[in-house]
Amino acid sequence: MDRLENIINRVKLPDYAIGQEAQRRLDSLTKPQGSLGRLEEIAKQLCIIRGGAAKLAQPKPAAAVFAADHGVAAGGVSAYPQEVTQQMIYNFLAGGAGINVLCRQAGADVWVIDVGVAGDMSQAQGLIQAKVAHGTADMTKGPAMTMNQALDAIVVGAQTAQRLIEKGYDLLIPGEMGIGNTTPCSAITAVICGLRPEQVMGRGTGVDDAGLSRKLAALKTALDVNKPDPANPLEVLCKVGGLEIAAMCGYILEAAARGVPVMLDGFISTTAALVAGGLCPTAIDYCFSGHGSVEIGHRAQLEKLGLRPILTLEMRLGEGTGAAVAMNVLRAAVAIYSEMATFAEAGVTGH
């Protein structure tokens, strides 16, 4: 617990007074005030997070894809078998997955971390080895993780953020891979948002009606067996969460502690933000929501966190892909803020 408290205690509220200075610059640009809508909001929030309203530099982003398996997958809650987690890791490392393609297009690097894959990945070249356990236990039969496992995974995420920031990355994307992970995410969301399982659970990888029934039954059983306390986000994480969710939670918290913005993806990464926000509400001040997932639980998460997605593209792949696409919009916001002439510079009559 000391390790977690050390991270949380370093998270400071951004100086929102900087937003007023940033707004003055935005209003001085050669355009009607507010005419660039969300681009102006994004630029302003980035100034607040970075702690200054001078011209913004284009970010150097990195996506960390945390991979882990889930005991609940044995219950047929996914359209894919568990070995796909390992297979996809090799695809990430080869640069062939959706996150690789979209990060290349957005100018972001991809790092892949084994925090809890069930199989042996020790020979995978380029994979960051940080395995806490060989997957979680089946949450329908008891807690998915021990407290120590959850804390260890949070530390893995925090150390990953620290390492990337020290390499010069100044905007972090939390990504994930783990067959079956929308089931624990639905459980966490139901508990923290105070909703029924049916209100937050979707089809994940695209399960059919029978798979959806199995998923709902597993979710209800897990909540009944574990009875997680909604007032204790760490307990919720331990009882029904996943190792990659815990790692992303630590990743978000450490980024916030270092004053570095985070671009969230969809349902899975926002689940990690729900836990991080429960542990340290100020951490969410450092987060952008990249896109609105078609997973119904994502809407509840965003409402709980007070975030509005930059894009809504009906995506549900995960991995960090929606955040990677949103990076292009953030880059446009930075360019407008930093490169557009003011009325005075352009010799244009203002008002």
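Located above this text is the structure these notes cover.
Residues numbered from 1 in each chain as written. Predicted model: local features only at pLDDT ≥ 70, side-chain atom pairs only at ≥ 80, totals over all residues. Heavy atoms only, no water.

1. Section: the overall build of the protein chain
For the protein chain, the helix and strand inventory stands at 15 helices and six strands. The C-alpha radius of gyration of the protein chain comes to 20 Å, within 12% of the 20 Å expected for a compact globule of 351 residues. Based on the C-alpha atoms only, the size of the protein chain along its principal axes is roughly 70 × 40 × 40 Å. Counting across all 351 residues of the protein chain, residues that qualify as buried make up 58%. In the protein chain, the proportion of contacts linking residues at least 24 apart, taken out of those at least 6 apart, comes to 76%. Carbon together with sulfur atoms contributes 52% to the accessible area of the protein chain, which is approximately 13600 Å² in total. Side-chain charges of the protein chain comprise 29 positive and 33 negative groups, with the mean position of each set lying 2 Å from the other. (Helix = DSSP H or I, 4+ residues; strand = E, 2+ residues; numbered from the N terminus. Rg over C-alpha atoms; globule rule 2.2 N^0.38 Å. Buried < 20%, exposed > 50% of the residue type's maximum accessible area, 1.4 Å probe, protein only. Contact = heavy atoms within 4.5 Å. Areas by Shrake-Rupley, 256 points an atom, 1.4 Å probe, with all protein chains shown as cover. Lys, Arg positive; Asp, Glu negative; His and termini not counted. Charge placed at Lys NZ, Arg CZ, Asp CG, Glu CD.)

2. Brief notes about the nonpolar core
Counting 126 residues, the largest nonpolar core has Leu 172, Leu 237, Leu 253, Met 263 and Leu 330 as the members making the most contacts within it. Here this core takes 12 residues from helix H11 (residues 243–257), the largest share from any one element. Discounting chain neighbours no more than four positions away, the residues touching Leu 237 are Met 145, Ala 150, Ile 154, Ile 188, Gly 242, Ile 245, Ala 246 and Val 275. (Core = buried A, V, L, I, M, F, W, Y, C linked by side-chain atoms within 4.5 Å.)

3. What to know about the packing of helix H5 (residues 98–106) against helix H14 (residues 321–339)
Look at H5 against H14: their axes get within 8 Å of each other, and the N-to-C directions meet at 10°. The orientation of H5 with respect to H14, classified from their angle, is roughly parallel. For the pair H5 and H14, the contacting residues are Gly 98, Ile 99, Leu 102, Cys 103, Gln 105 and Ala 106 in the first and Thr 321, Ala 324, Val 325, Met 327, Asn 328 and Arg 331 in the second. Its residues assigned to classes, the contact of H5 with H14 shows seven nonpolar, four polar and one charged. (Axes fitted to C-alpha atoms, helices over the stretch in contact; angles between N-to-C directions. Parallel < 35°, antiparallel > 145°, perpendicular 65-115°, else oblique. Nonpolar A, V, L, I, M, F, W, Y, C, P; charged D, E, K, R; others polar.)

4. Notes on helix H12 (residues 267–279)
Taking 1.5 Å of rise per residue, 13 residues should cover 18 Å, and H12 covers 19 Å from first to last C-alpha, within 8% of that figure. Taken residue by residue, H12 has Phe 267, Ile 268, Ser 269, Thr 270, Thr 271, Ala 272, Ala 273, Leu 274, Val 275, Ala 276 and Gly 277 as its buried positions. (Expected span 1.5 Å × (residues − 1).)

5. What to know about the side chain of Asn 181
Among the structural elements, Asn 181 can be located in the loop between strand S4 (171–177) and helix H7 (182–193). Side-chain polar atoms of Asn 181 contact the side chain of Glu 176, separated by 3.0 Å. Excluding anything up to four places from it in sequence, Asn 181 contacts His 70, Glu 176, Glu 244 and Ile 268. (Polar contact = N/O pair within 3.5 Å; in protein donor to acceptor, adjacent residues only side chain to side chain.)

6. What to know about the packing of aromatic side chains
Between two aromatic rings, the relevant description is the distance of the centres plus the angle of the planes. Summed over all chains, the structure comprises two aromatic pairs. For the pair Phe 66 and Tyr 251, a centre-to-centre distance of 5.4 Å together with 75° between the ring planes defines the contact as edge-to-face. Of this pair, Phe 66 sits in strand S1 (residues 61–68) while Tyr 251 is found in helix H11, placing the two residues 185 residues apart along the sequence. No difference in accessibility class separates Phe 66 from Tyr 251, as the two residues are buried. Aromatic side chains Trp 111 and Tyr 169 sit 6.4 Å apart centroid to centroid with 80° between the ring planes, which places their arrangement in the edge-to-face category. Taken as a pair, Trp 111 in strand S2 (residues 109–116) and Tyr 169 in the loop between helix H6 (147–166) and S4 lie far apart in primary sequence, 58 residues in all. Sitting over the face of the ring of Tyr 337, Arg 25 holds its NZ or CZ atom 5.4 Å from the ring centroid. We note Lys 60 situated over the ring of Tyr 169; from NZ or CZ to the ring centre the distance is 4.8 Å. (Phe/Tyr/Trp six-rings, centres within 6.5 Å; stacked < 30°, edge-to-face > 60°. Lys NZ or Arg CZ within 6 Å of the ring centre and 35° of its normal.)

7. Focus on the packing of H12 against helix H13 (residues 296–305)
Where H12 contacts H13, the axes come no closer than 10 Å and their chain directions differ by 35°. Here H12 runs over H13; the crossing is left-handed. Every residue of H13 that contacts H12 at Phe 267, Thr 270, Thr 271, Ala 273 and Leu 274 is listed here: Gly 297, His 298, Gln 301, Leu 302, Lys 304 and Leu 305. Across the contact of H12 with H13, the residue classes break down as five nonpolar, five polar and one charged. (Left-handed = near helix turned anticlockwise from the far one by under 90°.)

8. So, helix H2 (residues 18–28)
Turning to H2, its buried residues are Ile 18, Gly 19, Ala 22, Arg 25 and Leu 26. For H2, the angular spread of buried residues about the axis comes to 120°, placing them on one side. For H2, exposure combined with an orientation more than 90 degrees from the buried face picks out Gln 20 and Arg 24. Tucked inside the fold, the buried residues of H2 contact helix H3 (37–50) and H14. (Arc of directions from axis to C-beta.)

9. Things to note about the state of the cysteines
Evaluation of the coordinates by the stated rule reveals zero disulfides. Free cysteine Cys 185: the closest other cysteine sulfur is in Cys 193, separated by 12 Å. For Cys 249, which is in no disulfide, the shortest distance to another cysteine sulfur is to Cys 280 and amounts to 9.6 Å. (Disulfide = S-S within 2.5 Å.)

10. Considering the pairing of S2
Pairing of S1 with S2 involves seven bridges; the strand directions are parallel. Along S2, the bridge assignment pairs Ala 67 with Asp 114. As paired elements, S2 and strand S3 (residues 128–129) share two bridges and run parallel to each other. Residue Asp 114 lies in a different strand from S3, and its bridge partner there is Gln 129. (Pairing = 2+ DSSP bridges.)

11. Topic: the pairing of S4
Burial analysis of S4 places seven of its seven residues in the buried class, the great majority of the element. Here S4 shows two buried faces, one formed by Leu 171, Ile 173, Gly 175 and Met 177 and the other by Leu 172, Pro 174 and Glu 176. As paired elements, S1 and S4 share seven bridges and run parallel to each other. By the bridge assignment for S4, Ala 64 is matched with Pro 174.

12. A word on unusual backbone geometry
A positive phi angle, near 60°, is found at Glu 314, a position not held by glycine. Tracing the backbone through its elements, the reader meets Glu 314 in the loop between H13 and H14. For Glu 314, a relative accessible area of 66% gives the class exposed.

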